[in-house]
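Close look at the chain arrangement
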Amino acid sequence: LSPLTNKECVYYTYDVSEWRQHGKSGSWHTIKSGTKITPFYLEDESGKVLIDLKDAEIDMPMDYEWSGGMFKNPPAIVEPFLKKNKISYHGLLGMHKSLRFQEWYIEPRETIYVMGTAGKNPHVKEGTSVRQEDSILIQKGTLNQHYYVSNKSEKGVRRSLLWKTIGGFIGGGAVIVISVS
């Protein structure tokens, strides 16, 4: 279960931050964060395969966010989390601290795209797999290969990675031109 919203999931990451003022400006400071990964099976028309998200670049939209301060109580859904982790939202003179809660997760049966390396499943002994798919695990490969997970389609992932690459070339070229000038 995800820690903030108690959603059933195979992966979550969360961040609880507090707004801290520094003179005329301020910034969010993480006071509690965490990630949990559970290996799971991904299934499509070609079959199913075990997925281990360790070391994956996960590109998923935020599933939950709430920010509040002074006179806003945190939502009831996060109060058990605050109590369990001994996080107080009370500030000076009864006003509440400015807190932000963010959570990302992958739910069972959620459609995702995974680009990774197929390797041996270390959880299965040789010769004990009844089905061939049990002996394969999608994971991060060696030699700095990409391991990418997204809720976008394959086409959307390719387009996104292409734009990141183009942006890197343009940004790198601009840095070189500025450095030479």
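For the structure given in this document, a descriptive report is provided here. (Residues numbered from 1 in each chain as written. Predicted model: local features only at pLDDT ≥ 70, side-chain atom pairs only at ≥ 80, totals over all residues. Heavy atoms only, no water.)

A closer look at the overall build of the chain
When helices and strands are counted, the chain shows two helices and eleven strands. Along its sequence from the N terminus, the chain presents helices and strands in the succession β-β-β-β-β-β-α-β-β-β-β-β-α. For the chain, restricting intrachain contacts to residue pairs at least 6 apart in sequence, the fraction spanning at least 24 positions comes to 60%. If you sum the accessible surface of the chain, you get close to 12100 Å²; carbon and sulfur atoms cover 55% of it. (Helix = DSSP H or I, 4+ residues; strand = E, 2+ residues; numbered from the N terminus. Contact = heavy atoms within 4.5 Å. Areas by Shrake-Rupley, 256 points an atom, 1.4 Å probe, with all protein chains shown as cover.)

Section: the pattern of salt bridges
It is possible for side chains of opposite charge to pair when their charged atoms get near one another. Counted by the stated rule, this structure contains two salt bridges. One salt bridge connects Arg20 with Glu18, and the closest N-O pair in it is separated by 3.7 Å. A salt bridge links Asp59 to Lys152; the nearest nitrogen and oxygen atoms lie 3.0 Å apart. Taken as a pair, Asp59 in strand 5 (residues 57-59) and Lys152 in the loop between strand 11 (148-150) and helix 2 (154-180) lie far apart in primary sequence, 93 residues in all. Accessibility expressed as a relative area gives 23% for Asp59, which makes it partly exposed. For Lys152, a relative accessible area of 32% puts it in the partly exposed group. (Salt bridge = Lys/Arg side-chain N within 4 Å of Asp/Glu carboxyl O. Buried < 20%, exposed > 50% of the residue type's maximum accessible area, 1.4 Å probe, protein only.)

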